[in-house]
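Single-letter residue listing:
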Amino acid sequence: MTARIGVVTFPGSLDDRDAQRAVRLAGAEPVALWHRDKDLHQVDAVVLPGGFSYGDYLRCGAISRFSPVMDTIIEQAKAGLPVLGICNGFQVLTESHLLPGAMLRNESLHFVCRDQKLRVENAATAWTTDYTVGQEISVPLKNGEGRFTADARTIDELEAEGRVAFRYLDVNPNGSINDIAGITNAAGNVVGLMPHPEHAVEPLVGTGRTDGLGFFTSILKQLVSS
Amino acid sequence: MTLDTVKHATETPDAEQPWAALGLKADEYARIREILGRRPTGAELAMYSVMWSEHCSYKSSKVHLKQFGDKKPETDALLVGIGENAGVVDVGQGYAVTFKIESHNHPSYVEPYQGAATGIGGIVRDILAMGARPVAVMDPLRFGAPDHPDTRRVLPGIVAGIGGYGNCLGLPNIGGEVVFDPCYQGNPLVNALCVGVMKHEDIHLAQAFGAGNKVILYGARTGGDGIGGASILASETFDATKPSKRPAVQVGDPFQEKLLIECTLEVFRERLVSGIQDFGAAGLSCATSELASAGSGGMRVELDDVPLRDNTLSPEEILMSESQERMCAIVEPANVDRFLEICEKWDVIATVIGEVTDGERLEIFWRGEQIVDVPPRTVAHDGPVLNRPFARPSWQDELQADAPTAERLKRPAGGDELRTAVLQLVGSPNQADKSWITSQYDRFVLGNTVLATPEDSGMIRVDEESNLGVAIATDGNGRFAKLDPYTGAQLALAEAYRNVAATGAKPLAVSDCLNFGSPEDPDVMWQFAEATRGLADACLTLGTPVTGGNVSLYNQTGAVAIHPTPVVAVLGVIDDVNRRTPMAFAEEGQLVYLLGDTADELGGSAWTQVAHDHLGGLPPRLDLERERLLAEILISGSRDGMIDAAHDLSDGGLIQALTESCLRGGKGARLVVPEGLDPFVFLFSESAGRAIVSVPRSEELRFTEMCGVRGLPATRIGVVDGDSIEIQGQFTLPLAELHEAHTGVIEALIG
Amino acid sequence: MARVVVDVMLKPEILDPQGQAVQRALPRLGFAGIADVRQGKRFELELEGPVDDAALARIREAAETFLANTVIEDFTVRVEEEK
Amino acid sequence: MARVVVDVMLKPEILDPQGQAVQRALPRLGFAGIADVRQGKRFELELEGPVDDAALARIREAAETFLANTVIEDFTVRVEEEK
Ligand SMILES: Nc1ncnc2c1ncn2[C@@H]1O[C@H](COP(=O)(O)OP(=O)(O)O)[C@@H](O)[C@H]1O
Ligand SMILES: [Mg+2]
């Protein structure tokens, strides 16, 4: 039996099927979760996918955060359920206060879609064990409000505790503080990042690289071995 | 105000009606009275006026568009042809693909962001209405002069609108065009293309059959936006300096449209829909009359049941409102509950507003009174047809005589001058890198993008198991079309066709957006007639049928029309997307071949525009058989692994294509000017039917033999090497210097 | 320094998807009794000089030509009292 | 119906690129003398019932938990007088 990884669909989720594909390519079983359903259907981990849930109206992730499925996810994440938030999913995680900080409009004020280089800073989270610290990977990035911010104390804390999981390399595409691309909670089960690893899992499509597959193989290994 | 009911209209035959203000001509008004046997009610008058406008009825263009059907090539690929929301093409393995290109020019000038955004929204609903899942969009754009202050208002707004809507909707933007020319200053062109994929059995049509079946309106609530927009925006130029005359603008809600897509695909999947139509121009009156007209029987609609955003709207306004993100489905009574349930699941408002009747009339009621009673065909399909006069413009000969010969326009001579001319060309706004624009679009979403901007065509994987894919390119060259609209339209087709083949896909079908000035000007009408004739002839020769498209007229400011701008989209199929050919020269040591013949053809070329701001002479000659042969070679080369990269030659000629391929691959090239060719002509001529390819040395013999046997000239012009472009005996240009000239240009002007 | 506030709202007849999304969410979050929500923009401008009629006229012009898109938006300009 | 306005602004210590972009553009457009610009959101809520203390308390709660993200934003709630 392989691991079951849920992918939540909110109204306006866009990369949900891509996340399911990535889960499948990694060898796990994707399970579609519906925002109105509190039940997580015994999944072993959850991906909150990218997109424009509720149109990103009000603030990105602000409305989704109050959906029934999030009530359960918030509760179980606090108890250790692995959760990965990608882009809009990351925004949902900060709005839910499962991760600290908040996202602002990109410094350029434009949506930006690019092939983005990242450095892995923490290879000990549930979603990053297949990477090594310092490893450089390239995955697509696409967002209009991806500028991570938090107060100075929170940033110091994140840095001190090694909770910055990914940092932008070469170009900081949105003005994010300390080039932060992704972070983790203290327990390492909840990870959020702006770039899209699920778009870098096949040599044929997207950027033609598979650097993003490691997220999904990492979690699979951890779930199968535990 | 008393309600203008059918009864009231019958009793007051002599009441004054504002038919002229609504854009109707006296004879058209007379014909409406004749059809109805009485004066129309206010609601009926509004319906006819919009549905008989140029925009909805194609009254000036119809007689010319007919050729696309009359000269249709033999093909079994076409599953649904012209006349539906979009044509449908068989791409094999049980899959069908539907695609269409449409304009949203005037609204985008008035309100760039919302105009462009709702342009994307509208074309996506057309594709959805065919039963397909929309999988990608493209956006051919034309702007005024790059340094004009108004371009700084129009361009960022349009780009943000296309991105804002398309990104939020989750459709990858896989290509398009960006062209600057002062002729588009007051008339930017915003064309939008959408492509969708379905299985053959999923095709849906806009037809209402079966008395008793329910008419369900679903999607956004109806508000006061865009009322009269169709007739006012599309039938007349307007004066943007008088804000009070600005028509109501429609605002798009891409989130609502995303829900509409998922909800519609789910009701399709459960086979709950027997007919479907999207809401476009003229809103409810258009959708209901088209559904009823294309089906059998009549339709009865209760306007009171339409969910409103603004309850002060009059029944006429409800009928004409162009509120976005709405659809209309015909559903058997037994399926209605399930249909509504699925809508509820997706938070989509859905309401039964009427039913199909066994009568022959479209009947609309408001507060219990009948306000519309018309034969639907007369509204939707039997609109006026005009045979507008056209004549070759008096200035055409003079324009064509003004050829850019070496005597009249000074050409660069010697290495230094050529080098300068190259930098000037690749750094000109039309030839420069467009990533400031395209990086604002999501090209990765849905995870099936094989190729996207700036590749020759966008390519989407259709099936994840078999790797079947489709490729689309859009092209148009208003300068060529101005010099010779017949050849210009054919060149647009040839270029798109070549682009599709360059990526390894086999061209199958065409959609077109015909952007022209006022049809009331015989010069413009001649351009239109010539362009359609040229396009139809070329489609016949190339075996690619026109599956549908759109006409945008009245693109002019005062008496000055835009360049005639037929934009042509070609769709191709590739059996295995693993075999796609990218444009990047990435392998050191590979051989660079130039396919096709190069002649001294610079009329309308990018060089004449950049170096001399000149437009005159004749466009390049076109040999359609040669185009077909070139395409076959490019496709075989890709399929059999003989070429690693290919790039078609068009605007800017060989040096432009070479620069793009080298910069994309990060590799330089050393080239030799072929024997007998003038270096300037070699680098800058825009002769049609050409491409450059990079060939692995191990494949050289096989490749050249194939070209030799098939009779395609293939000239070895150099090798991929180093980090400069070197034209031997002429000049050397480091890639860094080319990159510097080629990038950052749009930002510097607009950003 | 004096503060002038420019409020920019979509015209009433124009669809406001953002406001609608908020309105639809409120009851789900337990906030009932709200009939309509419109979302607009608020600009706070800190003036270097005094807020006299000339300054206000200039700000009104900036709002008309730049801060608001008067094709779809209305605006109001007002001086904010010191708190 | 009564109208309550909720203004949401980024906290002063948070960088506001939108406001900055406006501020940088103003002099280019000929509007000088503006020392700072901040851009925020304005929500207009139409209440079905009366605007009593209970209603205002509920709206304040909605602002706190939903309309504003208090990690980065401040808000004010006020009743708008009839015009
Ligand atoms: N330039 C054209 N070439 C071919 N077909 C066209 C062209 N312009 C319009 N058509 C066809 O005429 C029909 C009506 O067009 P249109 O009014 O744009 O459709 P819709 O109502 O779906 O927007 C469509 O089938 C369209 O494909
Ligand atoms: Mg249509």
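These numbers come from a predicted model, not from an experiment.

Student: Looking at this structure, I do not really get the overall build of chain A. What am I missing?
Tutor: When helices and strands are tallied, chain A shows five helices and eleven strands. The C-alpha atoms of chain A give 16 Å as radius of gyration, which agrees with the globular expectation for 226 residues (17 Å, within 12%). With the C-alpha coordinates of chain A rotated into their principal frame, the extents come out at 45 × 35 × 35 Å. Taking all 226 residues of chain A together, 66% fall into the buried category. Accessible surface, chain A: about 7,300 Å² in total, of which carbon and sulfur atoms supply 48%. With 20 positive and 27 negative side-chain charges, chain A shows a spacing of 2 Å between the two charge centroids.

Student: What should I look at first to understand the UniProt feature "active site" (unreviewed entry) in chain A in this one?
Tutor: Residues and elements named next belong to chain A. Under the feature "active site" (unreviewed entry), the UniProt entry names Cys87, His196 and Glu198. These annotated residues cover 112 residues of sequence, and their C-alpha atoms lie no more than 10.8 Å from one another, placing them together at a single site. Secondary-structure assignment places His196 in the loop between β11 (190-193) and α5 (213-225). A relative accessible area of 0% places His196 in the buried class. Apart from residues lying up to four places away in sequence, His196 is in contact with Asp15, Gly50, Ile86, Cys87, Val139, Pro140 and Lys142. Residue placement: Glu198 occurs in the loop between β11 and α5. Contacts of Glu198, omitting those with residues within four sequence positions, involve Asp15, Asp18, Ala19, Ala22, Ile86 and Phe216. A polar contact of 2.8 Å, which involves the side chain of Glu198, links it to the side chain of His196.

Student: Explanation requested: the packing of helix α7 (residues 112-129) of chain B against helix α8 (residues 149-169) of chain B in the structure shown.
Tutor: Axis angle and axis distance: for two packed helices, these are the angle between their axes and the distance between the axes, and together they describe the pair. Residue and element names in this part refer to chain B. Contact pair α7 / α8: the axes reach a minimum separation of 7 Å and the direction vectors enclose 40 degrees. Our pair here, α7 against α8, has a crossing hand that is right-handed. Between α7, through Pro112, Tyr113, Ala116, Ala117, Ile120, Gly121, Val124 and Arg125, and α8, the contact on the second element is made entirely by Arg153, Val154, Gly157, Ile158, Ala160, Gly161, Ile162, Gly164, Tyr165, Gly166 and Leu169. Of the residues contributing to the contact of α7 with α8, the split by class is twelve nonpolar, five polar and two charged.

Student: Just checking my understanding: could you explain the site of ligand 1 for this structure?
Tutor: All names here are of chain B. Not every one of the 17 residues close to ligand 1 is listed here, only the nearest: Tyr58, Glu84, Glu102, Asp512 and Gly549. Contact distances for ligand 1 include 2.6 Å between an oxygen atom and a backbone N or O atom of Glu84. Measuring from an oxygen atom of ligand 1, one finds a backbone N or O atom of Gly549 at 2.8 Å. Against a free-state accessible area of 550 Å², the protein chains account for coverage of 84% of ligand 1. Counting residues per element, the ones that place at least two in the shell around ligand 1 are α5 (62-70), β3 (95-103), β17 (506-515) and β18 (546-552). Element by element, the count of residues in the shell around ligand 1 is highest for β18, at five residues.

What counts, and where the lines are drawn
- Residues numbered from 1 in each chain as written.
- Chains lettered and ligands numbered in written order.
- Predicted model: local features only at pLDDT ≥ 70, side-chain atom pairs only at ≥ 80, totals over all residues.
- Heavy atoms only, no water.
- Helix = DSSP H or I, 4+ residues; strand = E, 2+ residues; numbered from the N terminus.
- Rg over C-alpha atoms; globule rule 2.2 N^0.38 Å.
- Buried < 20%, exposed > 50% of the residue type's maximum accessible area, 1.4 Å probe, protein only.
- Areas by Shrake-Rupley, 256 points an atom, 1.4 Å probe, with all protein chains shown as cover.
- Lys, Arg positive; Asp, Glu negative; His and termini not counted.
- Charge placed at Lys NZ, Arg CZ, Asp CG, Glu CD.
- UniProt positions renumbered as here; feature names shortened; annotations may be inferred.
- Contact = heavy atoms within 4.5 Å.
- Polar contact = N/O pair within 3.5 Å; in protein donor to acceptor, adjacent residues only side chain to side chain.
- Axes fitted to C-alpha atoms, helices over the stretch in contact; angles between N-to-C directions.
- Left-handed = near helix turned anticlockwise from the far one by under 90°.
- Nonpolar A, V, L, I, M, F, W, Y, C, P; charged D, E, K, R; others polar.
- Near = heavy atom within 4 Å.

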